[in-house]
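# Coordinate inspection notes
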Amino acid sequence: MKLAVFVSGNGSNLQVIIDAIKERSLTGINIEIVIADRNCFALERAKQANIFTYQLDRRSDWYQEVDFILKKREVTHILLAGFLSVIHPAICMTWKNKIINLHPSLLPKYGGKGMYGLSVHQAVILNHENESGATIHHVTEQLDDGKILLQKKCKVDLDETPESLQQKVHLIEHDLIIEGIKLLYAET
Ligand code: GRF
């Protein structure tokens with residue numbers, strides 16, 4: 001499987017995948033390219049691991065150039081791991097069932113517009129939820145709405161803050177992301 005990972009931020013999930021491939025707990029999978037929509041630490045992580053990187057201009061209509069690069073690098077699957085730009089509908093169609101996203105809540109709750117970063121965890125706490133978690137789902141044209149593949153839960157404590165919940169969910173994600181990639185690999 002030749003994977004493209006799309007990122008916008010810290011890239012801790014990307015790092016987990018890089019490490020798993022290096023340690024051979026994830027086999028048959030190669031990160032072919034890391035694509036970012038801004039200058040971010042995830043790009044540094046990719047470069048340090050000698051992975052090909054590409055930074056797109058999120059203010060431009062970037063679909064065609066990205067489509068060209070994905071084909072050129074012979075990418076077979078796409079993972080969105082903290083990618084904040086909206087994916088062009090044509091990408092969703094071309095990569096149907098071969099593009100997955102990692103989301104820091106138990107979808108369908110707390111998904112959609114504006115539900116990213118700390119806002120997700122703030123909303124969970126404000127609504128007095130007693131559990132939260134992370135989801136891996138297929139990407140479709142509707143934001144955070146594709147078929148749910150995997151979910152993992154955690155408890156929301158009474159003294160929970162958005163920051164502490166974010167940390168908890170991040171830890172869950174680091175397991176879930178590896179399972180999600182394995183599942184995607186097994187499906188094809
Ligand atoms: C994760 O919480 C993921 O669910 C969300 O963005 C965050 C990315 O974290 N889509 P990192 O950049 O992998 O550390």
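Model, not experiment: these values are computed from the prediction.

## Comments concerning the overall build of the protein
Helix and strand counts for the protein come out as six helices and seven strands. Secondary structure elements of the protein, listed N to C terminal, follow the sequence β-α-β-α-β-α-β-α-β-α-β-β-α. Taking 188 residues into account, the globule formula puts the C-alpha radius of gyration at 16 Å, and the protein, at 16 Å, falls close to it. By principal-axis analysis of the C-alpha atoms, the protein measures approximately 50 × 35 × 30 Å. A separation threshold of at least 6 residues defines the contact pool for the protein, and within that pool the share at least 24 residues apart is 67%. Split by element, the accessible area of the protein, about 9900 Å² in all, is 51% carbon and sulfur. For the protein, the distance from the average position of its 21 positive side-chain charges to the average position of its 23 negative side-chain charges is 4 Å.

## Remarks on the pattern of salt bridges
The tally for this structure, following the rule as stated, stands at eleven salt bridges. Residues D67 and K71 are paired through a salt bridge, measuring 2.8 Å at the closest nitrogen-oxygen approach. Within this pair, D67 and its partner K71 are both found in helix α3 (residues 63-72), separated by four residues, close to a single helical turn. Exposure remark for K71: the relative accessible area of 54% places this residue in the exposed category.

## Section: helix α1 (residues 12-22)
By the burial criterion, the buried members of α1 are S12, N13, L14, I17, I18 and A20. Where α1 is buried, its residues meet β1 (2-7), β2 (30-36), α2 (41-48), β4 (77-80), β5 (99-103) and α6 (162-187). Looking one or two places after α1, you find R24, whose phi comes out positive at around 65°.

## Let's talk about the site of the ligand
The full set of residues close to the ligand is N10, G11, S12, N13, G82, L102, H103, P104, H170 and E173. In this structure, an oxygen atom belonging to the ligand sits 3.4 Å away from a main-chain N or O atom of N10. Measuring from an oxygen atom of the ligand, one finds a side-chain N or O atom of N13 at 2.8 Å. About the coverage of the ligand: the protein hides 83% of its 370 Å² of free accessible area. Looking at the shell around the ligand, the elements that each hand over two or more residues are α1, β5 and α6. Looking at side-chain class alone, the shell around the ligand contains two nonpolar, seven polar and one charged residues.

## Some thoughts on helix α5 (residues 118-126)
Residues V120, H121, A123 and V124 constitute the buried set of α5. Buried residues of α5, viewed axially, fall in a sector of 160°; they line one side. Considering only its buried residues, α5 is in contact with β5, β6 (131-138) and α6. Remark: H128 follows α5 within two positions and exhibits a positive phi of approximately 55°.

## Details of the environment of E160
Structurally, the position occupied by E160 is in the loop between β7 (148-155) and α6. Relative accessible area serves as the criterion here: at 10%, E160 is assigned to the buried category. On a C-alpha basis, the gap between E160 and F68 in space is 45 Å, while along the polypeptide they are 92 residues apart. Not counting chain neighbours up to four residues away, the residues in contact with E160 comprise I125, K155, L165 and K168. A polar contact of 2.6 Å, which involves the side chain of E160, links it to the side chain of K168.

## Regarding the packing of α5 against α6
It is at 9 Å that the axes of α5 and α6 come closest, and there the two elements cross at 110°. Compared by their axis directions, α5 and α6 come out roughly perpendicular. In the crossing of α5 with α6, the sense of the turn from one axis to the other is right-handed. Judged by residue contacts, L118, H121, Q122, V124 and I125 of α5 engage P162, E163, L165, Q166 and V169 from α6.

Rules of the game
- Residues numbered from 1 in each chain as written.
- Predicted model: local features only at pLDDT ≥ 70, side-chain atom pairs only at ≥ 80, totals over all residues.
- Heavy atoms only, no water.
- Helix = DSSP H or I, 4+ residues; strand = E, 2+ residues; numbered from the N terminus.
- Rg over C-alpha atoms; globule rule 2.2 N^0.38 Å.
- Contact = heavy atoms within 4.5 Å.
- Areas by Shrake-Rupley, 256 points an atom, 1.4 Å probe, with all protein chains shown as cover.
- Lys, Arg positive; Asp, Glu negative; His and termini not counted.
- Charge placed at Lys NZ, Arg CZ, Asp CG, Glu CD.
- Salt bridge = Lys/Arg side-chain N within 4 Å of Asp/Glu carboxyl O.
- Buried < 20%, exposed > 50% of the residue type's maximum accessible area, 1.4 Å probe, protein only.
- Near = heavy atom within 4 Å.
- Polar contact = N/O pair within 3.5 Å; in protein donor to acceptor, adjacent residues only side chain to side chain.
- Nonpolar A, V, L, I, M, F, W, Y, C, P; charged D, E, K, R; others polar.
- Arc of directions from axis to C-beta.
- Axes fitted to C-alpha atoms, helices over the stretch in contact; angles between N-to-C directions.
- Parallel < 35°, antiparallel > 145°, perpendicular 65-115°, else oblique.
- Left-handed = near helix turned anticlockwise from the far one by under 90°.

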